[in-house]
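Summary of structural features
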Amino acid sequence: RQIVAGSGGPSTLTQWKSSERITIDNPGGYGFVGSGSELRILDLQLLSESGEEQVVKILELDGQQIRHSLTTPDLSRAFVAVAGNETDPGAIWVIDGVSLEKVDILPDTDDPDPIRLPYQQSPTGLALDPKGRYLYVAMNGAVAVIDIRPGPDLHRIVDVIPVVTPTGKINDLACNADGTRLY
């Protein structure tokens, strides 16, 4: 699909651009698409609606390459996995689904902060618990478990599960329908 972008409205690009994998299960509303280190937020149309999806906002994610994005079932938040670079470890940005702004995980600092991954890891995949309790983050040889329930542990890593694979790499994650198994 050809991406349309521009200031204030769509314009046509003359070349095709590749993008990171995205998942959108959204009855209208917004879609969150990674393009390099920019998160493009699209206003989505239902199949029954006329018109084209448009980029309504672009968020810069500190120069870190976007690897994966997904939204909560209630569309209140998007989680965006970014790779580590020379200055920053891999991280998960939380985007408010209403204000379309970065959520500041450490409100005592001046700038918005993401959830930093342990051991200088970079994320390779994301999955949500279908009951809305946890975000699972695939890393090299481990899965970080982030609590996404309101409460004192909101957006905190509450567990790191070691996973042994022949290469150490985990390419993707999935939960079963009742949230009792992680694959």
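Before any of the text, the structure's been laid out above.
Here's a quick rundown of the structure. Owing to the predicted nature of the structure, the values given are computational and were not obtained by experimental measurement. (Residues numbered from 1 in each chain as written. Predicted model: local features only at pLDDT ≥ 70, side-chain atom pairs only at ≥ 80, totals over all residues. Heavy atoms only, no water.)

1. Description of the side chain of Q64
Put simply, the rule is: Secondary structure elements follow DSSP: runs of H or I of four or more residues count as helices, runs of E of two or more count as strands, with numbering from the N terminus. Exposure categories follow from relative accessible area, calculated using a 1.4 Å probe and restricted to protein chains: below 20% of the type maximum is buried, above 50% is exposed, and the middle band is partly exposed. What makes two residues a contact is simply this: any of their non-hydrogen atoms within 4.5 Å.
Structurally, Q64 is set in the loop between β5 (54-60) and β6 (66-71). We classify Q64 as buried; its relative accessible area is 0%. Every residue in contact with Q64, bar those within four places of it in the chain, is listed here: G36, S37, V82, A83, G84, N85, D88, P89, G90, W93 and R116.

2. Looking at a negative patch on the surface
Let me state the cut-off plainly: The patches reported here contain residues having more than 30% relative accessible area and no salt bridge. Joining distances are 9 Å for like charges and 5 Å for nonpolar side chains (Val, Leu, Ile, Met, Phe, Trp, Tyr). Calculation of accessible area relied on Shrake-Rupley with a 1.4 Å probe; when residues are assessed, cover is drawn exclusively from the protein chains displayed. We count a salt bridge whenever a side-chain nitrogen from Lys or Arg sits within 4 Å of a carboxyl oxygen from Asp or Glu. In this count, Lys and Arg are taken as positive residues and Asp and Glu as negative ones, while His and the chain termini are left out. Note that the charge is assigned to NZ on lysines, CZ on arginines, CG on aspartates and CD on glutamates.
Taken together, the side chains of E60, D62, D110 and D111 present a region of like negative charge at the surface. Looking at the element boundaries, D111 is found in the loop between β8 (91-96) and β9 (115-116). Look at D111 and you get exposed, because its relative accessible area is 56%.

3. A short note on unusual backbone geometry
Of note in this structure, L75 is not a glycine but carries a positive phi near 65°. Owing to a relative accessible area of 27%, L75 belongs among the partly exposed residues under this scheme. The phi torsion at Y119 lies on the positive side, around 60°, for a residue other than glycine. Secondary-structure assignment places Y119 in the loop between β9 and β10 (125-128).

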